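Chain by chain, the residues:
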Amino acid sequence: MHTLETTDIQLGYIPLLDCTAILWAQHQGYFTEQGLNVRLVKEPSWASLRDRLAFGILDAAHCLSAMLPAAATGNDQLGIPLQTSLVLSTNRAFISLSQKLCYELKIHTHDSAQASAAKVVQALKQGDKIQLAHVFKQSIHHYCLREWLALADPDLAKKYQPSTLPPSYMVDAISSQLIDGFCVGEPWNIQAQIEGYSYVIAESKQIIPEVADKVLATTHEWANKHPNTLNALQTAIQQAQHDLSTLQSLQPIWHMLEDSDIIRFNCSHLVHTYAFHKIQNIIRSFGTQDSPKPDDFEWIIQQMCKWDNLELDTAQIKNISIQCTGRLIE
């Protein structure tokens, strides 16, 4: 085993299902087996996590994939380069609308993404105040929401101003009628639906291509200074990812997610059965992942150019995408 450059690690995460592999690696002692002393830090928002990672308070983090090209281009107002070589989840966002709005606009859960978007856009054009939220500007959730609205009206999709809320605040916000819908990862869509506030009306896979959603990220500087430590960190998480794919029963993982206050509702093979199995299938999908591909980041940067008025040529987009994966440009 190569000598670790450091053993004490501050690892940040946001409470979502796709941080499961990180929590499980800690629960099972996989970090300790790699010689690491990892402290998990639950961050209150993506903005907090990004800033603390960029400025070195966190060593590594469960991170939105779009944060990496945003940092590389300076579009995040910080410009401290980030990189990844480990995907934690792929395209697992969902769009939920309040049950009240669905009733008023005659939106049904079996509607196509285009049909539901058309009903919302028509209401917006008629002057209805419909406030939608995403988790962060630099996220596939932001671009999924815009691409969904663009199925009905690209111009309106460009002008629309969504709110930004941390994932775990979405249920409270929709229950208080502060927002009418949101795009977020699980389990927050499922919780809001179970509690009677909203319906899941579209999933990101219906709207955008298969791209990395969450990744394990570090700054370029930290990765260059700690290659052996980073490899040990990733090895532990990959061992946990393997468990997610192969364990016969996910019940211990389920209990861990309840204890971590990520699953906050009663759900089992007897109660809310379909939701229970949906969550189980999603957790399984966070098993062994492919390595991050420059193509993932190329699509994200193209979205930034399309929706955020970023101006980059093809060569620049390609180079930034490669840098996000921590690879050297040939």
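**Student:** What is the right way to read the overall build of the chain from this model?
**Tutor:** If you tally the helices and strands in the chain, you get 16 helices and 10 strands. Expected size for 330 residues packed as a compact globule is a radius of gyration near 20 Å; at 20 Å, the chain falls within 12% of this value. Split into buried and exposed, the 330 residues of the chain put 57% on the buried side. For the chain, restricting intrachain contacts to residue pairs at least 6 apart in sequence, the fraction spanning at least 24 positions comes to 79%. Accessible surface for the chain amounts to roughly 14200 Å². Of this, 47% is attributable to carbon and sulfur atoms. With 24 positive and 34 negative side-chain charges, the chain shows a spacing of 5 Å between the two charge centroids.

**Student:** Even after reading the chapter, I still don't get the sheet that holds strand 10 (residues 212–219), so can you show me in this structure?
**Tutor:** Sheet strands associate in pairs through backbone hydrogen bonding, adopting either a parallel or an antiparallel arrangement. Spatially, the 5 strands line up as an open sheet ordered 2-1-3-10-4, and their pairing is mixed. At either margin of the open sheet sits one strand with a lone partner, and together these are strand 2 (37–42) and strand 4 (82–90). Taking each pair of neighbouring strands and ignoring which way they run, the sheet shows an average axis angle of 25°. Where strand 1 (residues 8–13) and strand 3 (residues 60–64) come together, 2 bridges link them in parallel fashion.

**Student:** Can you help me understand the state of the cysteines in this one?
**Tutor:** As used here, a disulfide is simply a covalent bond connecting the sulfur atoms of two cysteines. Under the definition given, this model contains 0 disulfides. In this model Cys-63 remains outside any disulfide bridge; the closest cysteine sulfur is found in Cys-324, 10 Å from its own. A relative accessible area of 0% places Cys-63 in the buried class. Not part of a disulfide, Cys-183 finds its nearest cysteine sulfur in Cys-144, a span of 4.3 Å. Of the residues examined, Cys-183 reaches a relative accessible area of 0% and is grouped as buried.

**Student:** Could you clarify how one ought to interpret the sheet that holds strand 7 (residues 163–164) in this entry?
**Tutor:** If you trace the 5 strands from one edge of the open sheet to the other, you get 7-6-8-5-9, paired in mixed fashion. Each edge of the open sheet is held by one strand with a lone partner, namely strand 7 and strand 9 (198–203). Here 2 bridges tie strand 6 (residues 132–134) to strand 7, and the two strands are oriented parallel to one another. Within strand 7, the position partnered with His-134 by the bridge is Thr-164. Each of strand 5 (93–98), strand 6, strand 8 (181–185) and strand 9 touches helix 7 (residues 140–150); the most contacted strand, strand 6, lies at about 145° to it.

**Student:** What is the right way to look at the side chain of Gln-83 in this model?
**Tutor:** Relative to the helices and strands, Gln-83 is located in strand 4. Of the polar contacts made by the side chain of Gln-83, one reaches the side chain of His-220; its length is 2.6 Å. The contacts of Gln-83, once residues within four sequence positions are left out, are Leu-68, Leu-216, Ala-217, Thr-218, Thr-219, His-220, Ala-223, Gln-323, Cys-324 and Gly-326.

**Student:** Before we go on, may I ask you to explain helix 13 (residues 251–259) in this structure?
**Tutor:** Side chains that are three or four residues apart share a direction in an α-helix, a result of its 3.6 residues per turn. Turning to helix 13, its buried residues are Ile-253, Trp-254, Met-256 and Leu-257. Within helix 13, the buried residues cover an arc of 160° as seen down the axis, which keeps them to one side. Structurally, helix 13 contributes buried residues whose contacts are with helix 1 (20–27), helix 12 (227–246) and helix 14 (273–285). After helix 13 finishes, the residue Asp-261 shows a positive phi value of roughly 65°.

**Student:** Which parts of the structure should I look at to understand the pairing of strand 10?
**Tutor:** Along a regular strand, successive side chains alternate from one face of the sheet to the other. Extensive coverage of strand 10 is indicated by the burial of 8 of its 8 residues. Strand direction decides the pairing type here: strand 3 and strand 10, joined by 4 bridges, are antiparallel. When the bridges of strand 10 are listed, Leu-64 appears paired with Lys-214. As judged from the 7 bridges shared by strand 4 and strand 10, these two strands associate in the antiparallel manner. Its bridge partner lying in strand 10, Thr-90 is registered against Ala-212.

What counts as what
Residues numbered from 1 in each chain as written. Predicted model: local features only at pLDDT ≥ 70, side-chain atom pairs only at ≥ 80, totals over all residues. Heavy atoms only, no water. Helix = DSSP H or I, 4+ residues; strand = E, 2+ residues; numbered from the N terminus. Rg over C-alpha atoms; globule rule 2.2 N^0.38 Å. Buried < 20%, exposed > 50% of the residue type's maximum accessible area, 1.4 Å probe, protein only. Contact = heavy atoms within 4.5 Å. Areas by Shrake-Rupley, 256 points an atom, 1.4 Å probe, with all protein chains shown as cover. Lys, Arg positive; Asp, Glu negative; His and termini not counted. Charge placed at Lys NZ, Arg CZ, Asp CG, Glu CD. Pairing = 2+ DSSP bridges. Axes fitted to C-alpha atoms, helices over the stretch in contact; angles between N-to-C directions. Disulfide = S-S within 2.5 Å. Polar contact = N/O pair within 3.5 Å; in protein donor to acceptor, adjacent residues only side chain to side chain. Arc of directions from axis to C-beta.

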